[in-house]
Amino acid sequence: MVEKQPNMAVDTHVFRVSKRIGLVSQKASTPLAVEKELVKNIDPSLIHKAHHWLILHGRYTCIARNPKCRECGLQQACQWFQKNQFALY
Ligand code: SF4
């Protein structure tokens, strides 16, 4: 029996949010590279939930043009916020 590898489809939300937060390196410049790093760094049992979380967070909070950092609970963990917080407040 072939064991199924966990995978994570990287759409625009997953790509953007993963890079902003710092879940993947800035060198990951393609969806495939981001997927490989996410799968490597997230426990296989959490991949499915993490995928949904990243999509929803990107859709409603960490939106492309104006991320809602003021209401985001990830400020302290987010690399993008740590670099840009002085421009936001
Ligand atoms: S702090 Fe801002 S940039 Fe970071 S995950 Fe939250 S909304 Fe996105």
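The preceding data block contains the structure.
Residues numbered from 1 in each chain as written. Predicted model: local features only at pLDDT ≥ 70, side-chain atom pairs only at ≥ 80, totals over all residues. Heavy atoms only, no water.

> Before we move on, can you summarise the overall build of the protein with the specific residues and values?
When you go through the protein residue by residue, the secondary structure sums to 4 helices and 0 strands. When the helices and strands of the protein are listed from N to C terminus, the series reads α-α-α-α. Its C-alpha atoms put the protein at 55 × 25 × 20 Å along the principal axes. When burial is assessed residue by residue, the protein has 35% of its 89 residues classed as buried. In the protein, 51% of the contacts between residues at least 6 apart in sequence involve partners at least 24 apart. With the model as given, the accessible surface of the protein reaches about 6400 Å², and the carbon-plus-sulfur share is 57%. For the protein, the distance from the average position of its 13 positive side-chain charges to the average position of its 6 negative side-chain charges is 9 Å. (Helix = DSSP H or I, 4+ residues; strand = E, 2+ residues; numbered from the N terminus. Buried < 20%, exposed > 50% of the residue type's maximum accessible area, 1.4 Å probe, protein only. Contact = heavy atoms within 4.5 Å. Areas by Shrake-Rupley, 256 points an atom, 1.4 Å probe, with all protein chains shown as cover. Lys, Arg positive; Asp, Glu negative; His and termini not counted. Charge placed at Lys NZ, Arg CZ, Asp CG, Glu CD.)

> Please provide a residue-by-residue account of helix α1 (residues 12-21), values included.
The element α1 is largely enclosed, with a buried count of 8 among its 10 residues. Of the residues making up α1, those classed as buried are H13, V14, R16, V17, S18, K19, R20 and I21. Downstream of α1 by a residue or two, G22 has a phi angle that is positive, lying close to 100 degrees.

> So what's going on with the nonpolar core? Which residues, and what values?
Counting residues in each nonpolar core, the largest one holds 18 residues, and the members touching the most others are M8, V14, V34, L38, I42 and L54. Listed by contribution, the elements that provide at least two residues to this core are α1, α2 (31-41) and α3 (47-60). Those residues in contact with V34 that sit more than four places away from it in its chain are V10, F15, S18, K19, V24 and A28. (Core = buried A, V, L, I, M, F, W, Y, C linked by side-chain atoms within 4.5 Å.)

> Go over the packing of α1 against α3 with me, naming the residues and quoting the values.
Helix-helix packing is characterised by the crossing angle of the two axes and by the distance between the axes. Two elements in contact, α1 and α3, have axes separated by 8 Å at closest approach and are oriented at 90 degrees. Classed by the angle they form, the pair α1 and α3 counts as roughly perpendicular. Contact with α1, carried on its side by H13, V14, R16, V17, S18 and I21, involves H51, W53, L54, I55, H57, G58 and R59 of α3 and no other residues of that element. Residue composition of the contact of α1 with α3, by class: 6 nonpolar, 5 polar and 2 charged. (Axes fitted to C-alpha atoms, helices over the stretch in contact; angles between N-to-C directions. Parallel < 35°, antiparallel > 145°, perpendicular 65-115°, else oblique. Nonpolar A, V, L, I, M, F, W, Y, C, P; charged D, E, K, R; others polar.)

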